[in-house]
Every structure is written in structure tokens, then in C-alpha cells.
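An overview of the molecular structure
Listed below are the residues making up each chain.
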Amino acid sequence: MKPLVKDALIAKLTTLADDEVILAHRNSEWVGHGPILEEDIALANITQDELGHAILWYGLRKELDGSDPDRLAFFRDAYEYRCCELVELPKGDWAFTMLRQYLFDLYESLWLEAAQQSTYPPLAGAAQKIIREERFHLQHTRAWVERLGLGTEESNRRLQQALDFQWGYAQQLFVPIPGEELLVAEGIVPDLVPLKARWLEQASRHLQNAGLKLPINPGYQPTSREQHTEHLWSLLAEMQSTARWDPEAKVW
Amino acid sequence: MPGRYGVPTDPDYQERLAEFEARIRRGEKIEPGDWMPEEYRRQLIRMISQHAHSEVVGMLPEGAWITRAPSLKRKLILIAKVQDEAGHGQYLYHAAETLGVRREEMLEALLSGRAKYSSIFNYPTLTWADIGTIGWLVDGAAIKNQTMLAQCSYGPYSRAMVRICAEETFHHKQGKEMVLLYAHGTPKQRAMAQDAINRWWWPALMMLGPHDKDSPNTEVLVRWGIKTKTNDQVRQEFINEHAPEILAAGLSIPDPELRYDEKSGNWLHGPINWEEFWQVVGGNGPMNKERLEARRRAHAEGAWVREALQAYAARQQRAVAV
Amino acid sequence: MDTQWPRWEVFKQDAPGKPHQAVGSVHAADPEHALLTARNVFARRPQAVSLWVVRAEEVFSWTKEEIAQDPALQGGATPARGLRPTSYLVFRKTSHKRSMTFVDHVGEVQACSPQEALREALARFRDAEGLAWWVVAAEKVHRSDPSQETVESWFAPAKEKTYKQQQYYTTVSASRPKRRGEDEAFGEGCAHC
Ligand SMILES: [Fe+2]
Ligand SMILES: [Fe+2]
Ligand SMILES: [Fe+2]
């Protein structure tokens, strides 16, 4: 692999992993506090899956540069994290969490479906593995969007609010990182342009069928993964507090 | 098909009771629909629902550390573990439901503060090492109890326990692995592990319940095969397994009187502070108020979600009917 | 009114060719939601290939003791006149041994009522003594999608979640010697029981 391509791939894998870690972190805040026992269990499943995906992506990066996944997760600060802003947003209410998970799952499913054809076999293999879980996630979160959208006036209102808030943020999922065009040219990762078109088409249809209105003005759309919300710093402070508590500790 | 619950004033009560107890002695499982004494049902509902509440409240002290787990793997394990506790609550409420009580009623009893749950969850989790220690000691104590309850004469409770035991063994092992790792880790890790053992040892002994002589329900529970061992027996098994392992790891146990008794083969412990136990059971533990408040908040904040799905389901049904 | 949603009995099939077994119940709002929920609650660990759910009220159950006390339930089925028979699924428990599951699916009968379905079942399934029987109208059963893609997506990944299996932590069995087969007992029964 050419050095430039390799660097780009390392950066891309990092964004994939960072998104999953931070999303899983936000979802994990629900454990023990869900609206009903069964849903507590359900969201904890999705959360474990996403965290598992992060471990896989960091693992692929490790194969390329030998970096330690736990060092990456627990010893990088907000300047160094490359997650998108959508996943950093506080968990909000159940509608906010379910909608974010739906928007992300739909993006991830589409991305993985295409990534199964990656010319980089480890990535293709990981995509084939993960997509099975994402298919289930998508079924689950689709069902939730439909039910909250068509449930009560209150649930529809809360879901609509979440959509108005998140729609612009969600667009960042389709902003390529610097150097991504090299990876696309080599067939290592899918081109985000056609994926975005499919995502928009499927999300719009499902959201509208669920009685929601797509925001006319999508609002703020983050474009650089080097910038973050004001929430990331404190999220990381909490998440990394134990790991950083004893700098001598080699294993946890 | 519930409703076949006998009371002593029934004309055939003695006869049926004798048949019922004979079935239990033969090792048969009592299933929903079978005749049973109303008192058997009452005791089961009390025990199973308390047990379910304990699992659900038990998610909180450990759940609080998911966001601070120090490695990706530990975080994954802890989410799975706390999730299992929700599952255990879920299985147990189901077992109680087969006796004709609804989950709404049981939850209402918990949230209103009427129902009891295990005293241990009213202690705070102060450091990360508490997570390993809870897995090793608290789940270790729970397994002793649950292994016994898996033999229980009531089919649904027994089945829930078999399922739970299988999952609980994972909890116990991950906790033990963690504490042993820290016991041999850096000075800070070792100190943290020791501090956690110091704080959880006695509450773990207490959670197995009062001494037999102070446990009024034990006799009838044993006769009807709901319990097959007494609190003191289970506690002794727990100490015999865990005390030598903790010591072998180079950690100490906060009981100056603890010693191995050659004659009986048991590890004998010093006096338990039952005053503290009853204070915690009575609502005055360090975390009683916070735990209940957290449950109430989750329930209240989930109300609109539960309503929304019901409204959706009702709409679907109407659509089918038309 | 605030509720915990209706209750659905859940039947899980561990592998192709094995019977669906009653594993417990879930609270869920509608059939699709109940299936998703059943998957989340009962297939967190292997093994599973298929799930059925049915509203708890749609299950008709009898224990051996109840049948013995109701003469009307014994003797072969006499079809009620005028009614068209429909399919009922029959589930049966045959052992007092400790288990994670309750009744197993044994087959299907045609009958005009649950009682008649039971009588038919008692006459038909005589290879082992039934300690408890469940009868459910086939049309009331909601089944997970049997397609390969769904089976892969719903059930296969659990096999890779080894961190929630006790075997993953083998290095820690410090003092107690393992009994034979103890670690393999995972998913089959309680390792300690
Ligand atoms: Fe994912
Ligand atoms: Fe996902
Ligand atoms: Fe548990």
C-alpha cells in the first residue's frame, strides 16, 4: 500500500471507530434507566454491538500502524478525536436517542453494504461481519421511529423536535475526510456521494411515513472532524477518568 | 389458569396439602395451574418479586461505572453484565406473573417503597475496583443462593434460576479475574482492590440474610422446597469458597476473627453487625433514597414512551378491524 | 393508563430440527415489537435460529393434575358439529428435571376449540407422559422471518460475543478443580446445578 493511501486509511478507520465509541458511550448512559426493562436490554445490545464495531475498526488500524486500541480510546483528547458531532450530542430523551440511532444505523448499513466490496480484504471482511448486526439495528430503530412518529401527539412532537435538531448534524456522516478520495479511487472505501443519495431517499421516505416533516432549513451542518461540540471535552473527561487515574497501570 | 390456591378453611385442605407435600418430596415440580396452598403462593410472590426488584435496582450501582470503564473490553463486559441484571429482573417478574400477579403491581410496590430488595445495593460504588469486587463477592454470594433456588419446587422460579445461574457465572468470573489482576497490578490498583474488598466483604455476608434463628420464614420455605438450605448454610459455603481465594491473592479480609477450623473444615467468621443490616433494610442505608429515586425517575420519564407504543398498537388494531 | 404493555409468551428454537421451547415472556406493544423484543431478551447468547411469540391470553394450559380432575378432558376428541376445525399448536412438558425451558412444541392438531385440541393432543402424543400441556391457535402465533439473511442478522452474531460467556474467563479458576463438562454446560444449564 502506498504511504499516502495507508495514512488516509488509518485516518478513515479512526473516524469509523471514534463514531462508534462515542455513540456507544452516549447510549450506554441509558443502561439502567430505560423506559421499560425490555428496552433497557435492547439498547444495551445495540450499544455492545457498536462498541464491538469500534474495537474491530481500531483493530484494523492496529494492523496498519501497531497502535493500541485502548490507548487511542482513553488517551486521546478532544483535539485528537475524529468523531462526528452527531454522536457527541447528549442523549436527550428516548425519541432523541432512537432517532439518532436510526439515522446512524441507516448510514452505517448502507456504508457497510458497499464496503463489503472493498479491495482491502480486512475491511471487506469486517464489513461482512458487522452488517449482520446493523441489519437488526436498523429493523429495531426503524420500528421505533415508526411507532413514536405514529404514537401519541407527544411522541410525535418529541420525535419531530429531535429530527429538527439532528438533521443538519447527520449530514456530516457524508462529508469525506481529507485524503478519502485516494481510498475511493483505490476501491478501498465506498464513495459517499451515491450513499448519501440513497440515505436521503430512504430516511426521507421512512420519516415521512412516520408522520414527520423534514426540516426545510437543516440548520448547522458540521464539515470538519477536527472540530467538535462543546460536549466532547467533558464526555472524554468522564470516559477516560479511570484509565488516566493510574498512569503506571499497563492493564485494566 | 390460576386460582387453585388452597386455604386451611377448605374442607379438603389437609388432604390436598398432604398430596402437595408428597409431590414435593418426590421431586416433582409444581406448575402454574396445579393446586398449591395460598401460603405457598404468597411466599413465592414475596420472594420472587423481591428478587426481581433486587436485580433491577442492582443495575444502578454498577451501571454508574459504565461510562468510566478503563478499557474497551471492560466497558463491553460491564454493559453485558448490567444488561444481564435487567434480564434477570425480567425473567423473575415473569416467574411471579405465573402466580397471577401483574408486573405493574410489583413495580408499583417497588416504586412506592413498600417492597424490599437486597440490602447490598444500598451501598455506593466509590471506585472502579468496586465493579470487580461486586462481581466476585456480591455475584458470588448471589450464585450460592441462586444455585440453591434452581432446585426450587416451583417450576417457573426454578427455570428462571437455572437460566440466571448460567449467566451469573460469567459475572462472578469476570469480577474475580479483574480483582486478581489488580491484586497483582500497580500499587494504586492493588490499594484500590483492597479498599473495595474492605467495604464489600461484610455487606456480602449480610446479603445472604439473617441468622437462621432470626429468619422466621425459613422453616416453611424449606418444607415446601422453595429453599433447600438455610441462610447460615449458604453463607458458610460462600465464605469457604471466597475467603481462601482472597487471601491467596495477597489481599486481606476485614475480619480479625476469621479463621480456618480444621475440625469442621469451615472458615469461621466474627460477629456480623446486624444493626447495620437492619438499618439498611429499613431504608437508612447510604444509597436507599438515591436508588429508589433513580428507578422512579426512569419510570416516570418512560411513561410517554410506553403510552406511545400502546397508542400505535391500538391504531394498528383498528386498521386491521376495519 | 400507564401499563407495562401486554405480555407475550416466547418460544425459541435452538437449531434446525429441534422443537420450539417456551423460554419465558416479554412485555411488548404489538407483534413485530414483541418479536424484536424476544430476540433482544432471549437471544443475547447463542443458540437460536427462530422465535415465535404469542399473546399470553391466547395460550391455553393444563397440568397433568388439572387434566386428571376434569373428566371432560379425557377420552378422544369428539368434533363439535357445525364448526370448521382450525390448526392448533401443541406444546408439552415431559420431565421434572431442572431445565431452562418449559413446554416443547410437539406438533399440530386440527380442532374446533382449545379443549378439543387438548383432547386430540392427549390421544395423539402418547410417546411420553405429559406433565403440562399448552395449546395455541396457529393463527395467533407470530414467527420470526426464516430467511437466511434474517437468521444471520438476528442470531449468528451472538456466537461471537464470547466476552459474555464464562469460558472466556478460564484463567481465573484458582482453587476449585473443574468438574468434567462444567464449562461446556453454558447455555445448556446452570454450571453449578
Ligand atoms: Fe456499528
Ligand atoms: Fe448500529
Ligand atoms: Fe443477576
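Summary of the structure given here.

Things to note about the overall build of chain B
- Per the secondary structure count, chain B includes twelve helices and four strands.
- Taken over C-alpha atoms, the radius of gyration comes to 21 Å for chain B, in line with the 20 Å a tight globule of 322 residues would show.
- Expressed along its principal axes, the backbone C-alpha trace of chain B runs to roughly 65 × 55 × 35 Å.
- In chain B, which comprises 322 residues, the share counted as buried stands at 66%.
- Long-range pairs, those at least 24 residues apart, make up 78% of the contacts in chain B between residues at least 6 apart in sequence.
- By element, 53% of the accessible surface of chain B is carried by carbon and sulfur atoms, the whole surface being about 11800 Å².
- Within chain B, one finds 41 positive and 41 negative side-chain charges whose respective centroids are separated by 4 Å.

Overview of the overall build of chain C
- When helices and strands are counted, chain C shows four helices and eight strands.
- If you list the helices and strands of chain C from N to C, you get β-β-α-β-β-α-β-β-α-β-β-α.
- Counting all 193 residues of chain C, 54% fall into the buried class.
- Sequence-distant contacts in chain C: of pairs separated by 6 or more residues, those separated by 24 or more amount to 63%.
- Per element, the accessible surface of chain C, about 8800 Å² overall, is 49% carbon and sulfur.

Side note on the interface of chain C and chain B
- If you look at the interface, chain C gives 49 residues, while chain B gives 52 residues.
- Carbon and sulfur atoms make up 54% of the surface buried where chain C meets chain B, a total of about 4900 Å² over both sides.
- In this assembly, chain C and chain B are joined by nine salt bridges.
- Here Glu-167 of chain B and Arg-44 of chain C are joined by a salt bridge, their closest N and O atoms 3.1 Å apart.
- Here the side of chain C that touches chain B is built from residues that sort into 18 nonpolar, 18 polar and 13 charged.

Things to note about the interface of chain A and chain C
- At the interface, 18 residues of chain A touch 23 residues of chain C.
- Its largest share of buried area at the contact with chain C, chain A owes to Glu-38, Arg-132 and Phe-136 of chain A, together 32% of the area lost on that side.
- In this structure, the connection of chain A to chain C is made through seven salt bridges.
- The closest approach of N and O atoms between Asp-30 of chain C and Arg-147 of chain A, which form a salt bridge, is 2.7 Å.
- Here chain A and chain C share 15 residue pairs in polar contact (both at pLDDT 80 or more) between them.
- Going through the elements one at a time, helix H2 (37–65) and helix H5 (121–149) of chain A are the ones with two or more residues in the side of chain A that touches chain C.
- Looking at the side of chain A that touches chain C residue by residue, the classes come out as six nonpolar, four polar and eight charged.

Thoughts on the packing of aromatic side chains
- Applying the stated criterion across every chain, the model contains 32 aromatic pairs over all chains.
- Seen from their ring centres, Tyr-169 of chain A and Tyr-220 of chain A are 5.6 Å apart, and the 85° between their planes marks the pair as edge-to-face. With Tyr-169 of chain A in helix H6 (residues 153–170) and Tyr-220 of chain A in the loop between helix H8 (192–209) and helix H9 (232–239), this residue pair connects regions lying 51 residues apart in the sequence.
- Here Trp-274 of chain B and Phe-277 of chain B contribute two aromatic rings whose centre-to-centre distance is 5.2 Å and whose plane-to-plane angle is 90°, an arrangement assigned as edge-to-face. Here Trp-274 of chain B pairs with Phe-277 of chain B, and both are found in helix H11 (residues 274–284), just three residues apart, close to one helical turn. Each member of the pair, Trp-274 of chain B as well as Phe-277 of chain B, is classed as buried.
- Members of the aromatic cluster, joined through ring pairs, are Tyr-13, Phe-20, Trp-35, Tyr-40, Tyr-154 and Trp-224 of chain B.
- The lysine or arginine in question, Lys-91 of chain A, covers the ring of Trp-30 of chain A, its NZ or CZ lying 4.8 Å from the ring centre.
- Directly above the ring of Tyr-5 of chain B sits Arg-41 of chain B, whose terminal nitrogen or CZ lies 4.4 Å from the centroid.

Observations concerning helix H8 (residues 187–206) of chain B
- Between its first and last C-alpha, H8 of chain B extends 30 Å over 20 residues, near the 28 Å set by a 1.5 Å rise per residue.
- A maximum bend of about 35° is found in H8 of chain B at Trp-200 of chain B, where proline Pro-203 of chain B lies one to four positions downstream.

Quick look at the state of the cysteines
- Under the counting rule described, the total for this entry stands at zero disulfides over all chains.
- Take Cys-83 of chain A: it sits in no disulfide, and the sulfur closest to it among the cysteines is that of Cys-84 of chain A, at 6.6 Å.

Thoughts on the coordination of the iron ion (ligand 3)
- The protein atoms that coordinate the iron ion (ligand 3) are Glu-55 of chain B (OE), Glu-85 of chain B (OE), His-88 of chain B (ND1) and Glu-168 of chain B (OE), at distances of 2.1 to 2.6 Å.
- Around the iron ion (ligand 3) sit four donor atoms; with metal-centred angles ranging over 79 to 148°, the donor geometry is irregular.

So, the nonpolar core
Residues and elements named next belong to chain A.
- Of all hydrophobic cores here, the largest spans 215 residues; its most connected members are Trp-57, Trp-111 and Leu-123.
- Take this core: its biggest share by element is 14 residues, from helix H4 (residues 94–115).
- When residues no more than four places from it in sequence are discounted, the contact partners of Leu-123 are Leu-9, Leu-13, Trp-57, Leu-60, Trp-111, Ala-115, Ser-118, Ile-188 and Val-189.

Looking at the pairing of strand E2 (residues 21–27) of chain C
Residue and element names in this part refer to chain C.
- Burial within E2 is extensive, with seven of its seven residues counted as buried.
- The sheet contact formed by strand E1 (residues 7–13) and E2 spans six bridges and is antiparallel. For Arg-7, the partnering residue across the bridge sits in E2 and is His-27.

Rules and cut-offs
Counting starts from 1 at the beginning of each chain's written sequence and moves along it residue by residue. The naming scheme follows written order: chains are lettered A onward, ligands numbered 1 onward. Per-residue local features of the predicted model are confined to residues with pLDDT of at least 70, and side-chain atom pairs are confined, for both listing and counting, to 80 or more; whole-chain, interface and lining totals are unaffected and use all residues. For the side-chain quantities, the full set of heavy atoms in the structure was used; hydrogens and water were omitted. Only DSSP runs of H or I reaching four residues or more are called helices, and only runs of E reaching two or more are called strands; each is numbered from the N terminus. We compute the radius of gyration over the C-alpha atoms and compare it with the globule rule, which gives 2.2 Å times the number of residues raised to the power 0.38. We call a residue buried when its accessible area falls under 20% of the maximum for its residue type, exposed when it is over 50%, and partly exposed in between, using a 1.4 Å probe and counting protein chains only. Two residues qualify as a contact provided that any one of their heavy atoms is within 4.5 Å of a heavy atom in the partner residue. Here the Shrake-Rupley method, with its probe set to 1.4 Å, supplies the accessible areas, and only the displayed protein chains count as covering residues. When charges are counted, Lys and Arg contribute as positive and Asp and Glu as negative, whereas His and the chain ends are disregarded. By convention, the point assigned to a charge is CZ for Arg, NZ for Lys, CD for Glu and CG for Asp. By convention, the term buried area covers the 1.4 Å-probe accessible surface removed from two parts as they join, with the contributions of both added. By definition, a salt bridge exists where a carboxyl oxygen of Asp or Glu is found within 4 Å of a side-chain nitrogen of Lys or Arg. Only Asp, Glu, Lys and Arg are considered charged in this grouping, and only Ala, Val, Leu, Ile, Met, Phe, Trp, Tyr, Cys and Pro are considered nonpolar; every other residue, Gly among them, is considered polar. Two N or O atoms count as a polar contact when they lie within 3.5 Å, although within protein this holds only if one can serve as hydrogen donor and the other as acceptor, and sequence-adjacent residues are included solely when both atoms are side-chain atoms. A pair of aromatic rings is counted whenever rings of Phe, Tyr or Trp (Trp by its six-membered ring) have centres within 6.5 Å, and the orientation is called stacked for planes under 30 degrees apart, edge-to-face for over 60 and tilted otherwise. Here, a charge over a ring is recorded when the distance from Lys NZ or Arg CZ to the ring centre is within 6 Å and its angle to the ring normal is within 35 degrees. Helix span, expected: 1.5 Å multiplied by one less than the number of residues in the helix. To get the bend at a given residue, fit one axis to the seven residues ending there, fit another to the seven starting there, and take the angle between those axes. Only a pair of cysteine sulfur atoms within 2.5 Å qualifies as a disulfide here. Note that water is not among the atoms considered, so a metal site may appear incomplete; the donors listed are N, O and S atoms within 2.8 Å of the metal, with 3.2 Å applied to Na, K and Ca. In these descriptions, tetrahedral denotes four donors with every angle between 85 and 135 degrees, square planar four donors and octahedral six donors with opposite donors over 155 degrees apart and the rest between 65 and 115, and irregular any other case. By nonpolar core we mean a set of buried residues, namely Ala, Val, Leu, Ile, Met, Phe, Trp, Tyr and Cys, connected to one another through side-chain atoms within 4.5 Å. What makes two strands pair is DSSP finding at least two bridges between them.

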